[in-house]
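Chain by chain, the residues run as shown.
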Amino acid sequence: MLTVVFLDANVLAKAVTRTILMVGGMPSGFQPVWSVAAELEAAAHMRPRAISPTLLRERLGLQLTPPGDRPERFAATRGSDRQILADAAAAHASFLITEDVDDYAPEDLARVGMSAVNPDVFLAERLTRAAYTTVINLFVERQVNPPTTPANFHAAIARQHPRLFAAQADLYDIEPAHSAHPEPAVVFRGTRCLRCEKIVTDPATLIEGLCSACI
């Protein structure tokens, strides 16, 4: 059974990140989903020529997940993030993939048995070697101007996803490109282990998302 992961708007707005998650998801045992609220917010923050998540979803024949009810019950989470969390809960997601993990309150995540996790951290842990290779080859096939090689695209991945590059570093003999931005201070929050998906009673026992049995 595939693990459901909900994509926040800031993940949907990044073409490379969402493609890695969507193409590599099913072979790696997880299924990315999102709602109309996440899609509309993502579309509003994308570059003018970028392919919108709406068009991508329609091309792939994917369905939006239903909106979640009573977002106000997530009182410790602020603003529109309450609706995103409600939508993720309605989709029965185990993980909320977001670049702004600290936007979601620990107690609200615990209420629905969900963990929020940075996409780079999630992909480094959950994307399989075979799925990563498939994704790299897909990008190389599509990038014709200028053309690139699998090794060079692998190196470029490190700009946005240094942990994913490190997890797959031995695939190609090449140095990583420098990361474009420093890693956020908070990259994981919640009670569900990133690897085994067990829910723990004490979130402090999770080290970078892993329970004591998985470290």
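Owing to the predicted nature of the structure, the values given are computational and were not obtained by experimental measurement. (Residues numbered from 1 in each chain as written. Predicted model: local features only at pLDDT ≥ 70, side-chain atom pairs only at ≥ 80, totals over all residues. Heavy atoms only, no water.)

Asker: What am I meant to see in the packing of helix 3 (residues 36-44) against helix 4 (residues 53-60) here?
Answerer: Packed helices, taken two at a time, are described by the angle between their axes plus the distance between the axes. At a closest axis distance of 9 Å, the pairing of helix 3 and helix 4 adopts a crossing angle of 125 degrees. Relative to helix 4, the element helix 3 lies oblique. Only Pro-53, Thr-54 and Arg-57 of helix 4 make contact with helix 3, whose side of the interface consists of Glu-39, Ala-42 and Ala-43. Across the contact of helix 3 with helix 4, the residue classes break down as three nonpolar, one polar and two charged. (Axes fitted to C-alpha atoms, helices over the stretch in contact; angles between N-to-C directions. Helix = DSSP H or I, 4+ residues; strand = E, 2+ residues; numbered from the N terminus. Parallel < 35°, antiparallel > 145°, perpendicular 65-115°, else oblique. Contact = heavy atoms within 4.5 Å. Nonpolar A, V, L, I, M, F, W, Y, C, P; charged D, E, K, R; others polar.)

Asker: Looking at this structure, how should I read the packing of aromatic side chains?
Answerer: In this description, a pair of aromatic rings is defined by centroid distance and the angle of the planes. A full pass over the atoms with the stated rule returns three aromatic pairs. Aromatic side chains Phe-30 and Phe-122 sit 4.9 Å apart centroid to centroid with 80 degrees between the ring planes, which places their arrangement in the edge-to-face category. Of the two residues, Phe-30 sits in strand 2 (residues 30-33) while Phe-122 sits in helix 7 (residues 119-126), which places them 92 residues apart along the sequence. We classify Phe-30 as buried; its relative accessible area is 0%. Residue class for Phe-122 comes out buried when judged on its relative accessible area of 0%. Considering the side-chain rings of Phe-95 and Phe-122, the 5.9 Å spacing of their centres and the 55 degrees angle between planes classify their relative orientation as tilted. Here Phe-95, found in strand 3 (residues 95-97), pairs with Phe-122, found in helix 7; they are 27 residues apart in sequence, far enough to count as distant. (Phe/Tyr/Trp six-rings, centres within 6.5 Å; stacked < 30°, edge-to-face > 60°. Buried < 20%, exposed > 50% of the residue type's maximum accessible area, 1.4 Å probe, protein only.)

Asker: Honestly, the nonpolar core in this entry has me stumped. Any pointers?
Answerer: Nonpolar side chains tend toward joint burial in soluble globular proteins. Ranked by size, the top nonpolar core spans 56 residues in total, and within it Phe-6, Leu-96, Ile-97 and Phe-122 carry the most contacts. Here this core gets six residues from one element, more than from any other, and that element is helix 8 (residues 129-142). Those residues in contact with Phe-122 that lie beyond four places of it in its chain are Val-5, Leu-21, Phe-30, Phe-95, Ile-97, Val-117, Leu-127 and Leu-194. (Core = buried A, V, L, I, M, F, W, Y, C linked by side-chain atoms within 4.5 Å.)

Asker: Just to check I follow, could you spell out unusual backbone geometry for this structure?
Answerer: Working note: non-glycine residues mostly have negative phi, and peptide bonds are mostly trans. Going from Asn-145 to Pro-146, the amide bond is cis rather than trans, its omega being 0 degrees. By the element assignment, Pro-146 lies in the loop between helix 8 and helix 9 (150-157). Here His-92, not a glycine, exhibits a phi torsion of approximately 60 degrees, which is positive. By secondary structure assignment, the location of His-92 is in the loop between helix 5 (81-90) and strand 3. We note that Glu-208 has phi near 50 degrees; this positive angle belongs to a residue other than glycine. Tracing the backbone shows Glu-208 in the segment after strand 5 (188-190).

Asker: How should the pairing of strand 1 (residues 3-7) be read in this particular structure?
Answerer: Side-chain positions along a regular strand alternate between the two faces of the sheet. Of all five residues making up strand 1, five are buried, and the element is well covered by its neighbours. Across four bridges, strand 1 lies against strand 2 in parallel orientation. In the strand pairing of strand 2, Phe-6 is matched with Val-33. Sheet topology note: the strand 1/strand 3 ladder contains three bridges and is parallel. Opposite Leu-7, over in strand 3, you have Ile-97 as the bridge partner. (Pairing = 2+ DSSP bridges.)

These figures capture arrangement, not role.
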